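Residues per chain are reported as follows:
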Amino acid sequence: MDFRNDLTRAVERYRAEIAGPHEHLALLRWQMTEGHALDRRDTFPGHLTTSAFVLSPDHAQVLLIDHVVIGRWLQPGGHWEEAEHFHLSAAREAIEETGVQGLALHPWHRGADLPFTIDSHDVPGKPSRGEPAHIHHDLQYLFLADPALPLVAQVEEVHAAAWKPVGTLAGIAPRALERLSHLPTP
């Protein structure tokens, strides 16, 4: 993977094909133009993360984690780690944090590395690590999995992993929920 070029292509394609009229991604684009090492978690004011919206085949349920540090239910994800594609980093996080089995990239992606959403959001710092409050530029991908298969939460980072009604995303990821409402079920 050529991180910088692949990220530039993914962001440009996202903005051209997917982004809404108010999704400028100004900070992310500025950091990219300035040559910031977005693949490093010690790059501030922000750096790259990836996350996974894992849906049941009928799109009625979404796999969420009860995050230890953040203290609320979220989609699985984390800091970008080396992978051939960004969606593979998101898939790795989902598998590590939940133990989900049979994970498959959603057909919406047509096998490409185009994010379903890009969400730049504030993250509180960790004073114990000398880490200031910062931004996570999160490339978010859709996956499918069978909710009948067992899950195993990664207890170091996750209190629990569970399937929830997809409407739960209204309080977590409203843009993703809105886009999901326009997808046909596979």
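Look up: the structure comes first, before these words.
What counts and what doesn't
- Every chain is numbered independently, its residues counted from 1 as its sequence is written.
- Per-residue local features are limited, in this predicted model, to residues with pLDDT of at least 70; the limit for side-chain atom pairs, both in listing and counting, is 80 or more; totals at the level of whole chains, interfaces and linings are taken over all residues.
- Where side-chain values are given, they derive from all heavy atoms of the structure, hydrogens and water being excluded.
- Numbering of helices and strands runs from the N terminus, with a helix taken as a DSSP run of H or I at least four residues long and a strand as a DSSP run of E at least two residues long.
- Only the C-alpha atoms count toward the radius of gyration. The rule for a globule is 2.2 Å times the residue count to the power 0.38.
- Residue exposure (1.4 Å probe, protein chains only): buried if accessible area is under 20% of the type maximum, exposed if over 50%, otherwise partly exposed.
- What makes two residues a contact is simply this: any of their non-hydrogen atoms within 4.5 Å.
- Areas reported as accessible are Shrake-Rupley estimates using a 1.4 Å probe. Residue values count occlusion only from the protein chains shown.
- The charge count includes Lys and Arg as positive and Asp and Glu as negative, but it does not include His or the ends of the chains.
- For the purpose of locating charges, the reference atoms are NZ of Lys, CZ of Arg, CG of Asp and CD of Glu.
- What a helix should span is 1.5 Å times the count of its residues minus one.
- What the arc measures is the spread of directions leading from the helix axis to the C-beta atoms.
- Throughout this description, the term salt bridge denotes a Lys or Arg side-chain nitrogen within 4 Å of a carboxyl oxygen of Asp or Glu.
- Definition used in this section: a nonpolar core is a set of buried Ala, Val, Leu, Ile, Met, Phe, Trp, Tyr and Cys residues joined via side-chain atoms within 4.5 Å.
- Stacked, tilted and edge-to-face are the three classes applied to pairs of Phe, Tyr and Trp rings, where Trp contributes its six-membered ring and a pair requires centres within 6.5 Å; stacked means planes under 30 degrees apart, edge-to-face means over 60, and tilted covers the rest.
- For a lysine, the NZ atom is tested; for an arginine, the CZ atom; a charge sits over a ring if that atom is within 6 Å of the ring centre and within 35 degrees of the ring normal.

**Quick notes on the overall build of the chain**
Broken down by element type, the chain carries four helices and eight strands. Tracing the chain from N to C terminus, the helices and strands come up as α-α-β-β-β-β-α-β-β-β-β-α. Relative to its length of 186 residues, the chain is compact, with a C-alpha radius of gyration of 16 Å against a globular reference of 16 Å. Referenced to the eigenvectors of the C-alpha coordinate spread, the extents of the chain come out at roughly 45 × 40 × 30 Å. Across the 186 residues in the chain, those meeting the buried criterion constitute 46%. Sequence separation of 24 or more characterises 69% of the internal contacts of the chain that already satisfy a separation of 6 or more. A total accessible area of about 9,100 Å² is found for the chain, and carbon and sulfur atoms account for 55% of it. Measuring between centres, the 15 positive side-chain charges of the chain sit 4 Å from its 25 negative side-chain charges.

**Quick word on helix α1 (residues 3–17)**
Across its 15 residues, α1 extends 21 Å between first and last C-alpha, which sits within 8% of the 21 Å expected from 1.5 Å per residue. Of the residues making up α1, those classed as buried are Phe3, Asp6, Leu7, Ala10, Val11 and Tyr14. Buried positions in α1, seen along its axis, are confined to an arc of 130° and lie on one side of it. Of the exposed residues in α1, the ones pointing more than 90 degrees away from its buried face are Arg9, Glu12 and Ala16.

**What about the environment of glycine 111?**
By the element assignment, glycine 111 lies in the loop between β5 (104–105) and β6 (117–123). Taking the relative accessible area as the measure of exposure, glycine 111 reaches 63% and is therefore exposed. As a C-alpha pair, glycine 111 and histidine 87 span 24 residues in sequence and 9.8 Å in three-dimensional space.

**Describing the pattern of salt bridges**
A side chain with one charge can pair with a side chain of the opposite charge if their charged atoms come near. For the structure on display, the rule yields six salt bridges. Taking the shortest distance from any N to any O, the salt bridge between arginine 175 and glutamate 23 comes out at 3.5 Å. Of this pair, arginine 175 sits in helix α4 (residues 174–180) while glutamate 23 sits in the loop between α1 and α2 (26–33); the two residues are 152 residues apart in sequence, bridging distant segments of the chain. Taking the shortest distance from any N to any O, the salt bridge between arginine 92 and glutamate 81 comes out at 3.7 Å. Note that arginine 92 is positioned in helix α3 (residues 86–98) and glutamate 81 in the loop between β4 (77–79) and α3, a separation of eleven residues in sequence. With relative accessibility at 36%, the residue glutamate 81 sits in the partly exposed group. Residues joined by salt bridges that share partners form a network here, namely Glu23, Arg175 and Arg179.

**Observations concerning the side chain of aspartate 66**
Tracing the backbone shows aspartate 66 in strand β2 (residues 61–67). The charged side chain of aspartate 66 is buried without a salt bridge, its nearest counter-charge being lysine 164 at 8.1 Å. Contact partners of aspartate 66, with chain neighbours within four places excluded, come to Gly71, Arg72, Trp73, Glu157, Val158, His159 and Ala160.

**Thoughts on the nonpolar core**
Leu7, Val54, Phe86, Leu142, Leu169 and Leu180 are the most contacted members of the largest nonpolar core, which totals 42 residues. Those elements giving two or more residues to this core turn out to be α1, β1 (46–55), β2, α3, β7 (134–144) and α4. Once you skip the residues sitting within four places of it in the chain, leucine 142 turns out to touch Phe53, Leu55, Leu105, His106, Trp108, His109, Phe116, Leu180 and Leu183.

**Quick notes on the packing of aromatic side chains**
Tallying each qualifying case throughout the model produces four aromatic pairs. Note on phenylalanine 3 and tryptophan 80: the rings are 4.7 Å apart at their centroids and 55° apart in plane angle, and the pair reads as tilted. Highlighted residues: phenylalanine 3 in helix α1 and tryptophan 80 in the loop between β4 and α3, separated in sequence by 77 residues. Between the aromatic rings of tryptophan 80 and phenylalanine 86, the centroid separation amounts to 6.2 Å while the plane-to-plane angle is 55°, which identifies the pairing as tilted. What makes tryptophan 80 buried here is its relative accessible area of 8%. Directly above the aromatic system of tryptophan 73 lies the positively charged group of lysine 164, at a separation of 4.2 Å from the ring centroid.

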